[in-house]
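These are the residues of each chain, in order.
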Amino acid sequence: MLAVTTGTVLVSAFIMTKRMTPVYIASADLKIQRASSTKGFLSDYIIWGNVDFVGTESMVIRSWPVMVETCQRMGWIKAGGQETETLAKVRGLTRAIEIEKTGYTNILRLIYSGSEPQECARVVNTVAEVYRERALTERNAELERLRNYYRKEMERTEQELVEAERAYQTFQERVQM
């Protein structure tokens, strides 16, 4: 009786194992850094206080623009495609991608699981790439805004200097008369 029970359990376990679809998990780690600028050196701490910047970036990764672009790059949707299909694919990816903060660090781990190992790796790498490109574009735009701000400030200061020199010149001429 013991041998028959053991044999039945082993055969059942073997059959179930062979029928199961393997699940593959891919992950990518992203180091999240706040862009620093001289203009906002202290203002970030004064205005935002204890805002969880890494948590915020986690939400940015899951944002509609990042998920849509990822789906497009994966070939799951086309730009200008049907709204219902786009909505379904983007929501599916948003639910499927896991994001976890790694301990007390500023590193986020993206995790995606599925039945195709190459697709899993492609998905996490594409999400990371899209996020990185969007963050870089945003930082460049911020730097361009700062550059324009400082250029205007320099022009204003130069104008003030020219006016001050004229006033000084006029004063010098009056005193010498």
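For the structure itself, consult the block above.
Each chain carries its own residue numbering, running from 1 in the direction its sequence is written. Predicted model: local features are reported for residues with pLDDT of at least 70 only, side-chain atom pairs are reported and counted for 80 or more only, and whole-chain, interface and lining totals are derived from all residues. Hydrogens and water are ignored here; the side-chain numbers use all heavy atoms of the structure.

Asks: Explain the overall build of the protein to me, please; I cannot follow it from the model alone.
Replies: Helix numbers and strand numbers start at the N terminus; a helix is a DSSP run of H or I with at least 4 residues, a strand a run of E with at least 2. When its secondary structure is counted, the protein shows six helices and three strands. Along the protein, helices (α) and strands (β) appear in the sequence α-β-α-α-α-α-β-β-α when read from the amino end. Whether two residues touch is decided by their heavy atoms; if any such pair falls within 4.5 Å, the residues are in contact. Sequence separation of at least 24 residues holds for 66% of the intrachain contacts in the protein that already meet a minimum separation of 6. All accessibility values rest on the Shrake-Rupley procedure with a 1.4 Å probe; residue burial counts only the protein chains present in the view. For the protein, the exposed surface amounts to about 13,600 Å²; the carbon and sulfur share of it is 57%.

Asks: Would you mind showing me how to read the pattern of salt bridges here?
Replies: Note on pairing: side chains with opposite charge can pair once their charged atoms come close. Every case where a carboxyl oxygen of Asp or Glu lies within 4 Å of a side-chain nitrogen of Lys or Arg is listed as a salt bridge. For the coordinates displayed, the defined rule picks out 10 salt bridges. Of the charged contacts in the structure, one is a salt bridge between Asp-29 and Arg-109, with a shortest N-O distance of 2.7 Å. Of this pair, Asp-29 sits in strand E1 (residues 24–31) while Arg-109 is found in strand E3 (residues 107–114), placing the two residues 80 residues apart along the sequence. Remark: exposure states derive from per-residue accessible area (1.4 Å probe, protein chains only) relative to the maximum for the residue type, with buried under 20%, exposed over 50%, and partly exposed in between. Under the relative-accessibility criterion, Arg-109 is labelled partly exposed at 27%. As a salt-bridge pair, Arg-156 and Glu-153 come within 2.7 Å of each other at their nearest N and O atoms. In this pair, Arg-156 and Glu-153 both sit in helix H6 (residues 117–176), three residues apart, roughly one turn of the helix. The partly exposed category is assigned to Arg-156, whose relative accessible area is 40%. Of the residues examined, Glu-153 reaches a relative accessible area of 25% and is grouped as partly exposed.

Asks: What is the right way to read the layout of surface pockets from this model?
Replies: Rolling a probe over the atoms, with the probe sized like a water molecule, indicates the empty space that remains. Volume-wise, the second largest pocket comes out at about 150 Å³. Using a 1 Å grid laid over the protein atoms alone, points where a 1.4 Å probe fits but cannot get out form a cavity; open sets with protein on both sides within 12 Å along at least 5 of 7 lines form a pocket; any residue with an atom within 4 Å of a point counts as lining. Taken together, Leu-30, Lys-31, Ile-32, Gln-33, Tyr-131, Arg-132, Ala-135, Leu-136 and Arg-139 make up the full set of residues lining the second largest pocket. Of all the elements in the fold, those that place two or more residues in the lining of the second largest pocket are E1 and H6. No other element matches H6, which puts five residues into the lining of the second largest pocket. Any residue outside Ala, Val, Leu, Ile, Met, Phe, Trp, Tyr, Cys, Pro, Asp, Glu, Lys and Arg is labelled polar, Gly included; the first ten of those are nonpolar and the last four are charged. Considering only residue class, the lining of the second largest pocket consists of five nonpolar, one polar and three charged. Grid points are joined across faces, edges and corners, and a volume is the space filled by probe spheres set on the points.

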